[in-house]
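Chains, contacts and geometry: an overview
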Amino acid sequence: MRHDHLITAKQLSREDVESVLDRAAEFDADPAAFGDRHPDAILGLCFYEPSTRTKMSFETAIKRLGGDAVDMGTVESSSVKKGESLADTARVVAGYADALVLRHPSQGAAKMVGEFVDVPLLNAGDGAGHHPTQTLLDLYTIRENAGLDDLTIGIMGDLKYGRTVHSLAHALTNFDASQHFVSPESLKLPRSVRYDLHEAGANVREHTELDDILPELDVLYVTRIQRERFPDENEYQEIAGEYGIDLETLEDAKDELTVMHPLPRVDEIAPEVDDTEYAAYFEQAHNGVPVRMALLDQLLEGDR
Amino acid sequence: MSDHQLRVSKIPRGTVIDHIRAGQALNVLAILGIDGASGETVSVGMNVPSDQMGHKDIVKVEDRELSQDEVDVLSLIAPEATINIIRDYEVVEKQYLERPDRVVGVLSCPNHNCITNADEPVDTEFEVLDDGVRCEYCETIVREDLAAHIAVE
Ligand SMILES: [Zn+2]
């Protein structure tokens, strides 16, 4: 990758994606074999929002590469609580570490921090903004299961606030993929994402019913609809029921359909789907480690 | 002084912003940070008949020339405006507005969750699109009522 920081999936060219995924496949094949890659590397973890899994997968990745992680702990127990700015905290941690990972509730936080630090920065989620490392592990999973070209993908659920959806949609514009977005009217893609997809010349269609498109899909990417987005519990129940899947829903799907979900799920995917050939979401979560190993390897390599 | 005289009266030195889209004069003053307390002598004409535009607004500010940042933001809300620099009662320079690629530090982002609205040492930065602007940090697109987002001091 030509960039020191990974802030948004929009930075990633097809070549960038492929080089990370190829490297990830090497790590995936034998994760324990690379313990001498970066023996002195320290990764700084700045998580301003709880995200145990993303944090653990970064920690695992750096340890698999022979390095170690330092963690600023919870926001409640840190100097952030005393009113220190994000820019200052990040500069201090950047002084300790060889690379930083940032998760923050504000959109644009990673872009800003990137302007202040001179070690590589990985955006691990900024509000409803971007989550590019999730996108890479999503792409890895899609490539393993369905291939990235001549792909028909359905992306369903909360498309308005779902940052993983936004990042994935951007990244897919690099490939020969037709993208079908399925959501209730109130949770359609935001204007800014539609703008980018249009600019990128993406092949995109929007639907309110999964049935309209399900039989054509190679991949169905399901996301969680958050209860707190709805002022009315009944309205939530109605929508959540309509945008979930079970074995009955999948009767019209291709046999080779791959079902993905960034997890955690609530009830969007019935547990009965877990044991079928469709389910790829646990594999997807597992892929976080080799993909993050590959990214860290590239960034730390560039740093030498 | 009659209304007619006020409209045509010349100023000794300063800036005349002419051909402002009717109704935008107060927003122009906001961009320039003029609230009456800053001491400049300012004349404002609103809904003045115009051959080109039907009606237009016009703002004359004495003893002041505009910065490029101010000119950039003006171009967003008053793209047809002309800026006349006056010295010794004469127009010494006439500037037509050009839309910039980006504006820095002059608009505030309407997204409350944007990092530029947190207490961080960062200027707002907007990319100028054909039909609006877009925050470089949170990517929110603003198309309507840009003037409402001018970050006045
Ligand atoms: Zn913003």
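Higher on the page you've got the structure.
Below, the structure is looked at part by part. In this text the structure is predicted, and so the values were computed from the model without any measurement. (Residues numbered from 1 in each chain as written. Chains lettered and ligands numbered in written order. Predicted model: local features only at pLDDT ≥ 70, side-chain atom pairs only at ≥ 80, totals over all residues. Heavy atoms only, no water.)

**Concerning the environment of Val128 of chain B**
Residues and elements named next belong to chain B. Applied cut-off: Under the scheme used here, helices are H or I runs from DSSP no shorter than 4 residues and strands are E runs no shorter than 2 residues, and both carry numbers assigned from the N terminus. Residue exposure (1.4 Å probe, protein chains only): buried if accessible area is under 20% of the type maximum, exposed if over 50%, otherwise partly exposed.
Counting through the fold element by element, Val128 comes out in strand S7 (residues 125-129). Classification of Val128 as buried rests on a relative accessible area of 14%. Sequence separation of Val128 and Lys94 is 34 residues, and the distance between their C-alpha atoms is 24 Å.

**What about the coordination of the zinc ion?**
Residue and element names in this part refer to chain B. Where we set the bar: The donor set covers N, O and S atoms within 2.8 Å of the metal, switching to 3.2 Å for Na, K and Ca, and it leaves out water, so a site may look short of donors. Here the metal geometry follows the donor angles, with tetrahedral for four donors whose angles all fall between 85 and 135 degrees, square planar for four and octahedral for six when opposite donors are more than 155 degrees apart and every other angle is between 65 and 115, and irregular for all the rest.
Only Cys109 (SG), Cys114 (SG), Cys135 (SG) and Cys138 (SG) from the protein reach the zinc ion as donors, at distances of 2.3 Å. Viewed at the metal, the four donor atoms of the zinc ion are separated by angles of 99 to 118 degrees, and the geometry they form is tetrahedral. Here the donor residues of the zinc ion share one chain and are spaced in sequence as C-x4-C-x20-C-x2-C. Placement of Cys114 in the loop between strand S6 (102-104) and S7 and of Cys135 in strand S8 (residues 132-135) is noted, with a sequence separation of 21 residues between them. Its relative accessible area of 1% is what places Cys114 among the buried residues.

**Some remarks on the sheet that holds S8 of chain B**
Residue and element names in this part refer to chain B. Basically, it comes down to this: By definition, two strands form a pair when at least two bridges between them are found by DSSP. Whether two residues are in contact is decided by their heavy atoms, any of which lying within 4.5 Å being enough. For helices, the fitted axis covers only the stretch in contact; all axes are lines through C-alpha atoms, and the angles between them, taken along N-to-C directions, range from 0 to 180 degrees.
Read across the open sheet, the four strands follow the order S6-S7-S8-S9; overall the sheet is antiparallel. The outermost strands of the open sheet, each flanked by one partner alone, are S6 and strand S9 (141-142). Alignment of S8 against S9, held across two bridges, turns out to be antiparallel. Each residue of the ladder has a partner; that of Arg134, found in S9, is Ile141. Lying on the sheet, helix H3 (residues 68-77) is in contact with S6, S7 and S8; it crosses S6 at an angle near 125 degrees.

**Some points on the packing of helix H1 (residues 14-29) of chain A against helix H5 (residues 132-145) of chain A**
Residues and elements named next belong to chain A. To keep it simple, the criterion reads: Here the angle decides the label: under 35 degrees means roughly parallel, over 145 means roughly antiparallel, 65 to 115 means roughly perpendicular, and every other value means oblique.
Taken N-terminus to C-terminus, the directions of H1 and H5 make an angle of 75 degrees; their axes are 10 Å apart at the nearest point. Compared by their axis directions, H1 and H5 come out roughly perpendicular. Counted together, Val17, Glu18, Val20, Leu21, Asp22, Ala24, Ala25 and Asp28 of H1 and Leu136, Leu139, Tyr140 and Arg143 of H5 form the full contact between these two elements.

**Some points on helix H7 (residues 191-199) of chain A**
Residues of H7 of chain A that are buried: Ser192, Val193, Tyr195, Asp196 and Leu197 of chain A. Along its buried surface, H7 of chain A packs onto helix H6 (163-172), strand S6 (177-182) and strand S7 (203-207) of chain A together with S7, S8 and S9 of chain B. Of the residues flanking the end of H7 of chain A, it is Gly201 of chain A, one or two places downstream, whose phi is positive at about 70 degrees.

**Details of the interface of chain A and chain B**
Spelled out, the test is: In this description, buried area is defined as the sum, over both parts, of the accessible area (probe of 1.4 Å) that is lost when the two are combined. Criterion for a salt bridge: a side-chain nitrogen of Lys or Arg within 4 Å of a carboxyl oxygen of Asp or Glu. Polar contact is defined as a pair of N or O atoms within 3.5 Å, subject to the rule that within protein one atom must be able to donate a hydrogen and the other to accept it, and that residues adjacent in sequence are counted only when both atoms are side-chain atoms.
Across the boundary between the two partners, chain A contributes 20 residues, which contact 17 residues of chain B. Summing both sides of the interface, chain A and chain B together bury roughly 1600 Å²; the carbon and sulfur share of this comes to 47%. By the criterion of area lost to chain B, the three top residues of chain A are Gln107, Arg191 and Tyr195 of chain A, representing 38% of everything that side buries. Here chain A is connected to chain B by two salt bridges. Ionic pairing is found between Asp196 of chain A and Arg134 of chain B, a salt bridge with its closest N-O pair at 2.9 Å. Where chain A touches chain B, the interface holds 13 residue pairs in polar contact (both at pLDDT 80 or more).

**Some thoughts on the sheet that holds strand S1 (residues 13-21) of chain B**
Strands in a sheet are paired, the pairing made by backbone hydrogen bonds, and the direction either parallel or antiparallel. All names here are of chain B. With respect to topology, five strands assemble into an open sheet ordered S2-S3-S1-S4-S5, the strand pairing being antiparallel. In this open sheet, the two strands that pair with only one neighbour each are strand S2 (42-50) and strand S5 (90-96). This sheet shows a mean twist of 20 degrees between the axes of neighbouring strands, independent of strand direction. Note that S1 and strand S3 (residues 54-62) share six bridges and pair antiparallel. Across the sheet, the residue bridging to Arg21 is Lys56, located in S3.

**Regarding the layout of surface pockets**
Residue and element names in this part refer to chain A. For the record, the criterion: Buriedness for pockets is judged along seven lines, at least five of which must meet protein on both sides within 12 Å for an open set on the 1 Å grid over protein atoms alone, while cavities are sets there where a 1.4 Å probe fits but cannot get out, and lining residues have an atom within 4 Å of a point. Grid points are joined across faces, edges and corners, and a volume is the space filled by probe spheres set on the points. Nonpolar residues are Ala, Val, Leu, Ile, Met, Phe, Trp, Tyr, Cys and Pro. Charged residues are Asp, Glu, Lys and Arg, and all others, Gly as well, are polar.
Roughly 1000 Å³ of volume is contained in the largest pocket. Around the largest pocket sit 34 residues that line it, and Arg103, Arg163, Arg224, Leu263 and Pro264 are the ones nearest its centre. The set of elements that each furnish at least two residues to the lining of the largest pocket consists of helix H2 (52-64), H5, H6, helix H9 (281-286) and helix H10 (288-303). For the lining of the largest pocket, the element with the highest residue contribution is H2, accounting for four residues. Considered class by class, the residues forming the lining of the largest pocket number ten nonpolar, 16 polar and eight charged.

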